[in-house]
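One letter stands for each residue in the lines below.
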Amino acid sequence: MIHSRAWLRVLTPMALHAADAITTVSAFTRDDLLATYRVRPDRVRVIHPGAGKPPVPGDARAAVERFALGDGPVLLTFGVGFANKNIDRLIDAFALVGPQRDATLVHVGLPAFEGGAWRERAEAAGVSDRVRFAGRVDDATLEDLYAAATVVVLPSRFEGFGLPLIEAMRRGVPVASADTTSLPEVGGDAAAWFDPLNVGAMAETIGGLLDDPARREALVAAGLVRARAFSTDHSTGEYVDLYRSLAGRRRRGAA
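Residues numbered from 1 in each chain as written. Predicted model: local features only at pLDDT ≥ 70, side-chain atom pairs only at ≥ 80, totals over all residues. Heavy atoms only, no water.

Asks: Quick question: what am I supposed to make of the overall build of the chain here?
Replies: Counting secondary structure elements, the chain contains 11 helices and eight strands. Across its three principal directions, the C-alpha atoms of the chain cover 70 × 40 × 30 Å. The proportion of buried residues among the 255 residues of the chain is 40%. Considering only contacts within the chain whose residues lie at least 6 apart along the sequence, 71% involve residues at least 24 apart. (Helix = DSSP H or I, 4+ residues; strand = E, 2+ residues; numbered from the N terminus. Buried < 20%, exposed > 50% of the residue type's maximum accessible area, 1.4 Å probe, protein only. Contact = heavy atoms within 4.5 Å.)

Asks: How should I be thinking about helix α6 (residues 139–148) in this particular structure?
Replies: Since the α-helix advances by 3.6 residues per turn, residues separated by three or four positions end up pointing in the same direction. When α6 is considered as a whole, its buried residues turn out to be Thr141, Glu143, Asp144, Leu145, Tyr146 and Ala148. Summarising the contacts, the buried residues of α6 are in contact with α3 (60–67), β3 (74–78), β4 (104–108), β6 (151–154) and α7 (163–170).

Asks: Honestly, the packing of helix α9 (residues 199–211) against helix α10 (residues 213–227) in this entry has me stumped. Any pointers?
Replies: Packed helix pairs are specified by the crossing angle of their axes together with the interaxial distance, meaning the distance between the axes. Running from amino to carboxyl end, α9 crosses α10 at an angle of 100°, the nearest separation of the two axes being 5 Å. On the basis of the axis angle, α9 is roughly perpendicular to α10. Packed against α9, whose contacting residues are Leu209, Leu210 and Asp211, the element α10 presents Pro213, Arg215, Arg216 and Leu219 at the interface. (Axes fitted to C-alpha atoms, helices over the stretch in contact; angles between N-to-C directions. Parallel < 35°, antiparallel > 145°, perpendicular 65-115°, else oblique.)

Asks: Hey, could you run me through the packing of helix α4 (residues 87–97) against α9 in this one?
Replies: As a packed pair, α4 and α9 sit with axes 8 Å apart at the nearest point and diverge in direction by 55°. Compared by their axis directions, α4 and α9 come out oblique. Judged by the twist between their axes, the crossing of α4 over α9 is right-handed. Side by side, α4 and α9 meet where Arg89, Leu90, Asp92, Ala93, Leu96 and Val97 of the first sit next to Val199, Met202, Ala203, Ile206 and Gly207 of the second. For the contact of α4 with α9, a count of residues per class yields eight nonpolar, one polar and two charged. (Left-handed = near helix turned anticlockwise from the far one by under 90°. Nonpolar A, V, L, I, M, F, W, Y, C, P; charged D, E, K, R; others polar.)

Asks: I tried to follow the pairing of β6 on my own but got confused; where do I start?
Replies: A regular strand places its side chains so that they alternate between the two faces of the sheet. Residue alternation in β6 divides its side chains into two sets, Val151 and Val153 and Val152 and Leu154, and both sets are buried. Judged from the two bridges that link them, β3 and β6 form a sheet pairing that is parallel. Counted as the bridge partner of leucine 76 is valine 152 from β6. As judged from the three bridges shared by β6 and strand β7 (residues 175–178), these two strands associate in the parallel manner. Residue valine 153 lies in a different strand from β7, and its bridge partner there is alanine 176. The β-α-β motif built from β6, the intervening α7 and the parallel element β7 has right-handed crossover chirality. (Pairing = 2+ DSSP bridges. Right-handed = clockwise from strand over helix to strand, strands pointing away.)

Asks: Just checking my understanding: could you explain the environment of valine 175 for this structure?
Replies: Here valine 175 is to be found in strand β7. Taking the C-alpha atoms as reference, valine 175 lies 7.3 Å from leucine 219; in sequence the two are 44 residues apart. Contacts of valine 175, omitting those with residues within four sequence positions, involve Val152, Leu154, Leu165, Ala168, Met169, Ala191, Ala192, Leu209 and Leu219.

Asks: Which parts of the structure should I look at to understand the nonpolar core?
Replies: Proteins that are soluble and globular tend to have nonpolar side chains buried together. With 56 residues, the main nonpolar core has Leu76 and Val152 as its most contacted residues. Residue contacts for valine 152: discarding those within four places in its chain leaves Leu76, Phe78, Tyr146, Ala168, Val173, Pro174, Val175 and Ala176. (Core = buried A, V, L, I, M, F, W, Y, C linked by side-chain atoms within 4.5 Å.)

Encoded structure:
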């Protein structure tokens, strides 16, 4: 990891200097890049990524049986085991609101560096019997988990874009999310927001959604609309326009 970061510190400024144009996946990432490197703003273009493959209806009962989710609400979260994913605080927040609602928390993603500590956190918080670490799952199993989910929770302290927001919204699952970095840019008015450093606020937001079916339905409706703005066709068109403008610039330069 250290070796890779050292190379990136050298190669990233060189690549930015050599590029004819630079694209970022969010305005937040653009602003972060401009604050870090000496790059002219007019060389940077924000192109939001598309939402990827269309949803396939999942089997909620299959997920319930495979992961022993019980009959209560299911909270679904994601992320490789890095500290910025903030799963430790999510576990603490879940401990405040999950057990009394007979809820289960499911984490999808490789454990990597922090995964062992997350298991210990769940044990220390007294909710290890209600937290499932699914690890890496195939597409069909992921769709089953989405189908079983009552709420998707994204507690990350830092995201360059936040694709799970869009993926959850496309599947009609309400989202509770950290109100930091790029996430509000992506989610807009289609998510319930909380401070990712405030466990109490996170718990209050999650508990409020679990207790309010009407609020969840409103977020689902808003999310389906919001997700349409992040289509693969739109992002592809943006890149085609950019490549054409660069090709035209080169032709004019050669002439």
